[in-house]
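Structure at a glance
Spelled out from the first residue to the last, the chains are:
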Amino acid sequence: MKTIYVNAAAQYSDAWDLKSLVPDANMRRRMSKIVKMGVATGLHCLAQAQISVPDSIITATAYGCLTDSEKFLLSALQTNEQVLPPTPFIQSTFNTIGSHIAILTGCHGYNMTFVDRERSFTDALIDAALEIADGKHTVLLGYADELTPTLHNILQRMPHKAKHLPCEDSAWFFLLSDEKNEHTIAQLTNPTISSLTNVGTAAMFFNSLMQ
């Protein structure tokens, strides 16, 4: 594979001004917390790299937009599947973050979301590397998860799964490129599938870049 350059890396911060990142008030109002975190972090990462439209957008999540999924399922139970609100259903899909970023940036390129619990970020990173190898110049790679009381209770009842419990609500995004520039903070030299498989979580990847 080609050498991959990391030209920006961002972790979500409550200090960011979401209004400046997402000017549309109606869109902001409909966003759940995880969607706000993911979209804001992705846009902040692009701004760091001074890229307006990436060639590809690849996102990952272990469990997806759980708050909206729970709202939709609870509503279905309470109303006996009658008069279901559309917004929680629309926002509960796994690719919500990637699609919002695509809409806001005008990106019509490859857009993929990986959902495979603790393997999600690894799979997304491998896919991003394949996109670079296939000739894409910029790939926005991100990960987001939220810890809801329901998820916490379920996983605590399954000790063998509890170790994969998200420790907090957060999001990380990276701008990967086949070209080095003044914004480059790291590079992956001669990446292979096996080496990318050992990268670990998005948090570990982010922390290794910031060292």
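Our structure's up above, just so we're on the same page.
All of these numbers come straight from a predicted model, not from anything done at the bench.

With that out of the way, let us pick up the nonpolar core. Counting residues in hydrophobic clusters, the biggest one holds 30 residues, and the most contacted among them are Phe121, Leu141, Phe174, Leu176 and Phe205. Of all the secondary-structure elements, those providing two or more residues to this core are strand S1 (4–11), strand S2 (56–61), helix H7 (120–133), strand S4 (138–145), strand S5 (170–177), strand S6 (186–188) and helix H11 (202–210). Counting residues per element, this core draws most heavily on H7, which supplies seven residues. Those residues in contact with Phe174 that lie beyond four places of it in its chain are Ala8, Ala9, Cys45, Phe121, Val139, Leu140, Leu141, Ala202, Phe205, Phe206 and Leu209. Formed by 24 residues, the second largest nonpolar core is a distinct cluster that contains Met27, Met31, Met37 and Ala144.

Glancing now at the packing of helix H3 (residues 33–49) against helix H6 (residues 96–105). At a minimum axis separation of 9 Å, H3 and H6 run at an interaxial angle of 45 degrees. Of the possible angle classes, the one that applies to H3 and H6 is oblique. For the crossing formed where H3 meets H6, the hand is right-handed. Across the interface between the two elements, Ile34, Val35, Gly38, Val39, Gly42, Leu43 and Leu46 from H3 touch Thr96, Ile97, His100, Ile101, Leu104 and Thr105 from H6.

The next subject is the environment of Ala202. Inspection of the secondary structure assignment puts Ala202 in helix H11. It is 9.6 Å that separates the C-alpha atoms of Ala202 and Gln11, two residues lying 191 residues apart in sequence.

Moving on to the pairing of S2. Every other side chain in a regular strand lies on the same face of the sheet, so the side chains alternate between the two faces. Taking burial as the measure, the six residues of S2 include six buried ones, the bulk of the element. Here S2 shows a buried face lined by Ser56, Ile58 and Ala60 and a second buried face lined by Ile57, Thr59 and Thr61. Relative to strand S3 (residues 110–115), S2 is paired through six bridges, and the arrangement is parallel. If you follow Ser56 over to S3, its bridge partner there is Tyr110. Summarising the sheet, S2 and S4 pair through five bridges and their orientation is parallel. Its bridge partner lying in S4, Ile58 is registered against Leu141.

Taken as a whole and assessed by the stated rule, the structure comprises seven aromatic pairs. Ring centres of Tyr12 and Trp16 lie 5.7 Å apart, and the angle between their planes is 85 degrees; this geometry places the pair in the edge-to-face category. The partly exposed category is assigned to Tyr12, whose relative accessible area is 24%. For Trp16, a relative accessible area of 21% puts it in the partly exposed group. Aromatic ring contacts, followed pair by pair, group Phe121, Tyr143, Trp172, Phe174, Phe205 and Phe206 into a single cluster.

Overall, mixed pairing links the six strands, which are arranged S3-S2-S4-S5-S1-S6 in an open sheet. The open sheet has two free edges, formed respectively by S3 and S6, since each of these has just one partner strand. For this sheet, the mean angle separating the axes of adjacent strands, direction not counted, is 25 degrees. With eight bridges connecting them, S4 and S5 associate as antiparallel partners. Residue pairing for S5: Tyr143 is matched across the bridge by Trp172. Packing against the sheet, H7 makes contact with S1, S2, S3, S4 and S5, and its axis sits at approximately 165 degrees to S2.

Turning our attention to the side chain of His183. The residue His183 is located in the loop between S5 and S6 in this model. At 3.4 Å, the side chain of His183 and the side chain of Glu182 are in polar contact. Discounting residues that sit within four places of it in the chain, His183 has contacts with Val6, Asn7, Gln48, Ala49 and Gln50.

Rules of the game
- Residues numbered from 1 in each chain as written.
- Predicted model: local features only at pLDDT ≥ 70, side-chain atom pairs only at ≥ 80, totals over all residues.
- Heavy atoms only, no water.
- Core = buried A, V, L, I, M, F, W, Y, C linked by side-chain atoms within 4.5 Å.
- Buried < 20%, exposed > 50% of the residue type's maximum accessible area, 1.4 Å probe, protein only.
- Helix = DSSP H or I, 4+ residues; strand = E, 2+ residues; numbered from the N terminus.
- Contact = heavy atoms within 4.5 Å.
- Axes fitted to C-alpha atoms, helices over the stretch in contact; angles between N-to-C directions.
- Parallel < 35°, antiparallel > 145°, perpendicular 65-115°, else oblique.
- Left-handed = near helix turned anticlockwise from the far one by under 90°.
- Pairing = 2+ DSSP bridges.
- Phe/Tyr/Trp six-rings, centres within 6.5 Å; stacked < 30°, edge-to-face > 60°.
- Polar contact = N/O pair within 3.5 Å; in protein donor to acceptor, adjacent residues only side chain to side chain.

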